[in-house]
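# Architecture at a glance
Take a look at the letters that make up each chain.
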Amino acid sequence: MISNLDKAKILVKALPFIKKYHNKTIVIKYGGSAMVNPVAREQFIQDVVLMKYVGINPVIVHGGGPEINEMLQKIGKESKFVAGNRVTDEETMEIVEMVLSGKVNKGIVSDINKYGGKAVGLSGKDGNMVFVEKKFVEVDGEKVDIGFVGEIKEINTEVIKLLEINDAIPVISSIGVDKNGQTYNINADYVAGAIAGKLQADRLIFLTDVDGILLDYNDKQTLIDEIDVENVNDLIERGIISGGMLPKVTTCLNAIENGVENVVILNGKLEHSVILELFTVEGAGTLIKKDENLES
Ligand SMILES: Nc1ncnc2c1ncn2[C@@H]1O[C@H](COP(=O)(O)OP(=O)(O)O)[C@@H](O)[C@H]1O
Ligand SMILES: CC(=O)N[C@@H](CCC(=O)OP(=O)(O)O)C(=O)O
């Protein structure tokens, strides 16, 4: 049990950071194991409510890959990925939308509201937020058709701003729409990056299943706590950043290019990782900055 004196000490240490982020927008990509682990989930929800309570504007963009896989498995459909994107036929698209914009989105909304927040669930269709065109991926120099997977072309943040003004927390699923009203599936990392860029967010936080960018990923797993764009590109070229970390890091670089000040990749299973990142000098995870000389 934490004493009142200890609570006061924590609060005093956090105050400069609460001031620093006051009225700032922070986009958080929530997905993968941080979402399905019940302890990590509860702590994440509490962190989001606390952020809003102290005057920060969190915007949650979520995935739900494991839940989609589970539902597809129930109907006997195999999940197939090409270059980090789920191959999405018509039936899969229906399931993806039902799972992400229904079960997962409303689950996060009701959990935030249970802890005293005012969350509003949206998909990229609401308020014409995420416009896409059909995406093709290149495999071995050939253009491959992966079905209803969207390439983001335009982001409209009007509805997010309306919610911010009204003290609500937007919770957004990674579903987009094209100009003809066709629904598309999008990797949630890309949606988070694009929304953060359009909002000119102060920070973009990716919650994942590792502590951040690790050096010698297959060996000693040393965490890189801070890195600039130039050195990230070097790690990509040297093959140190690979697999699922590659699209995530590419999204981080694009977001920085589009004006997001700092991007952080951190472990969603770490206790109160979002609060640790925002309200402590040490932070948590890997902070990616445009330039090593810039203040974080
Ligand atoms: N240098 C690296 N540092 C950390 N993780 C890496 C690195 N290179 C590859 N990875 C892989 O990237 C994964 C994270 O990406 P992904 O599984 O797509 O996350 P999420 O499901 O949270 O979106 C890690 O679990 C790890 O397997
Ligand atoms: C096109 C594509 O791959 N879309 C993803 C959307 C969900 C997602 O990104 O979920 P996580 O963040 O939990 O991985 C999918 O169908 O799995």
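Refer to the preceding data block for the structure.
Residues numbered from 1 in each chain as written. Chains lettered and ligands numbered in written order. Predicted model: local features only at pLDDT ≥ 70, side-chain atom pairs only at ≥ 80, totals over all residues.

### Describing the site of ligand 1
Taken together, 16 residues lie around ligand 1, and Gly32, Thr208, Leu214, Gly244 and Met245 are the ones closest in. Counted by class, the shell around ligand 1 contains seven nonpolar, six polar and three charged residues. (Near = placed C-beta within 6 Å. Nonpolar A, V, L, I, M, F, W, Y, C, P; charged D, E, K, R; others polar.)

### Thoughts on unusual backbone geometry
A positive phi is found at Asn128, a non-glycine position, where the angle reads about 50°. Its place among the elements puts Asn128 in the loop between β5 (119–123) and β6 (130–139). Overall, the presence of 14 C-beta atoms within 10 Å leaves Asn128 in the partly exposed class. Positioned with a positive phi, Asp140 is a non-glycine residue whose angle comes to about 50°. Along the polypeptide, Asp140 turns up in the loop between β6 and β7 (142–155). Using a count of 5 C-beta atoms within 10 Å as the deciding quantity, one classes Asp140 as exposed. (Helix = DSSP H or I, 4+ residues; strand = E, 2+ residues; numbered from the N terminus. Buried ≥ 20, exposed ≤ 12 C-beta atoms within 10 Å, placed from the backbone.)

### A short note on the site of ligand 2
As a structural note, the neighbourhood of ligand 2 is formed by 15 residues, with Gly31, Gly63, Gly65, Arg86 and Ala188 the closest of them. Counting only elements with at least two residues in the shell around ligand 2, the list comes to α4 (65–74) and β4 (85–86). Looking at the shell around ligand 2 residue by residue, the class counts come to five nonpolar, nine polar and one charged.

### Here we look at the packing of helix α7 (residues 188–199) against helix α9 (residues 245–257)
At their nearest, the axes of α7 and α9 sit 9 Å apart, and the two run at 10° to each other. Our classification of the angle between α7 and α9 gives roughly parallel. In contact with Asp189, Tyr190, Gly193, Ala196 and Gly197 of α7, α9 contributes Pro247, Lys248, Thr251, Asn254 and Ala255. Its residues placed into classes, the contact of α7 with α9 shows four nonpolar, four polar and two charged. (Axes fitted to C-alpha atoms, helices over the stretch in contact; angles between N-to-C directions. Parallel < 35°, antiparallel > 145°, perpendicular 65-115°, else oblique. Contact = placed C-beta atoms within 7 Å.)

### What to know about the nonpolar core
Grouped together as the largest cluster of nonpolar side chains are 76 residues, with contacts concentrated most on Val27, Ile60, Val191 and Ile195. Considering every element that reaches this core, the biggest residue donor is α7, with eight residues. Contacts of Val27, omitting those with residues within four sequence positions, involve Val59, Val61, Ala192, Ile195, Ala196, Leu199, Ala201 and Leu204. (Core = buried A, V, L, I, M, F, W, Y, C linked by C-beta atoms within 7 Å.)

### Some points on the environment of Val99
Tracing the chain through its elements places Val99 in helix α5 (residues 90–114). A count of 21 C-beta atoms within 10 Å places Val99 in the buried class. Residues Val99 and Glu67, spaced 32 residues apart in sequence, show a C-alpha to C-alpha distance of 7.0 Å. Non-local contacts of Val99, meaning those with residues more than four positions away in its chain, are made with Gly64, Glu67, Ile68, Met71 and Val104.

The quantities given are spatial measurements derived from coordinates; they are silent on function.
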